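Per-entry structural report
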Amino acid sequence: MLRCRVWAVTAAVLTLAACGGGELDRPSTEACDAVAAWIEVGSPADQRAQVTEQAGDLLGQSDSTPLTDPYERFRDTREDDLDYAAVVEAGANFLRACIDHGWAPAEG
């Protein structure tokens, strides 16, 4: 059930990539890429800390902060307090914020 939900969330987020607003700077774009890659491979729990740290480091280098709030919600969603689907959903919400600010997944 969770696996189906993960793929449904991934498909929905990536489908929305055609819509978007303003542009993000390089560090923000790379943070979006990192979280998208994590979701693309099925949001493995054992890689969550690494992707969260990577995205946080990249956003720390950013000159703009439109992704700070969604990132903090993703970072602060703890799987031991909730089921893991909530963590995956928080990651998808972060990607939605990326899309809303002009990010699109790399083609290829």
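Residues numbered from 1 in each chain as written. Predicted model: local features only at pLDDT ≥ 70, side-chain atom pairs only at ≥ 80, totals over all residues. Heavy atoms only, no water.

**So, the overall build of the protein**
When its secondary structure is counted, the protein shows five helices and zero strands. Along the chain direction, N to C, the helices and strands of the protein fall in the order α-α-α-α-α. (Helix = DSSP H or I, 4+ residues; strand = E, 2+ residues; numbered from the N terminus.)

**With respect to helix α5 (residues 84–100)**
In a regular helix each residue adds 1.5 Å, so 17 residues correspond to 24 Å; α5 covers 25 Å between its end C-alpha atoms and thus fits that length. A large share of α5 lies buried, amounting to twelve of its 17 residues. Regarding α5, the residues found buried are Y84, A85, V87, V88, A90, G91, A92, F94, L95, A97, C98 and I99. Two residues or fewer past α5, G102 is found with a positive phi of approximately 100 degrees. (Expected span 1.5 Å × (residues − 1). Buried < 20%, exposed > 50% of the residue type's maximum accessible area, 1.4 Å probe, protein only.)

**Re the confidence of the model for the protein**
Mean pLDDT for the protein: 82, with 76% of residues reaching 70 or above. Here residues 6–21 scores under 50 on pLDDT; set against residues more than four positions off or in separate chains, the count is 29 contacts. (pLDDT = per-residue confidence, 0-100. Contact = heavy atoms within 4.5 Å.)

**Quick word on the packing of helix α2 (residues 26–40) against α5**
Across the interface, α2 lies against α5 with an axial gap of 10 Å and an inter-helix angle of 140 degrees. Judged by the angle between their axes, α2 and α5 are oblique. Note that α2 runs across α5; the crossing there is left-handed. In this structure, α2 uses A31, C32, V35, A36, W38 and I39 to contact α5, whose residues at the interface are Y84, V87, G91, A92, F94, L95 and C98. (Axes fitted to C-alpha atoms, helices over the stretch in contact; angles between N-to-C directions. Parallel < 35°, antiparallel > 145°, perpendicular 65-115°, else oblique. Left-handed = near helix turned anticlockwise from the far one by under 90°.)

**Examining the packing of helix α3 (residues 48–60) against helix α4 (residues 68–76)**
The interhelical angle for the contact between α3 and α4, taken along N-to-C directions, is 155 degrees, at an axis separation of 10 Å. Put simply, α3 runs roughly antiparallel to α4. Where α3 crosses over α4, the handedness of that crossing is left-handed. Along its contact with α3, which presents R48, V51, T52, A55, G56 and L59, the element α4 presents Y71, F74 and R75. In terms of residue class, the contact of α3 with α4 is built from five nonpolar, two polar and two charged. (Nonpolar A, V, L, I, M, F, W, Y, C, P; charged D, E, K, R; others polar.)

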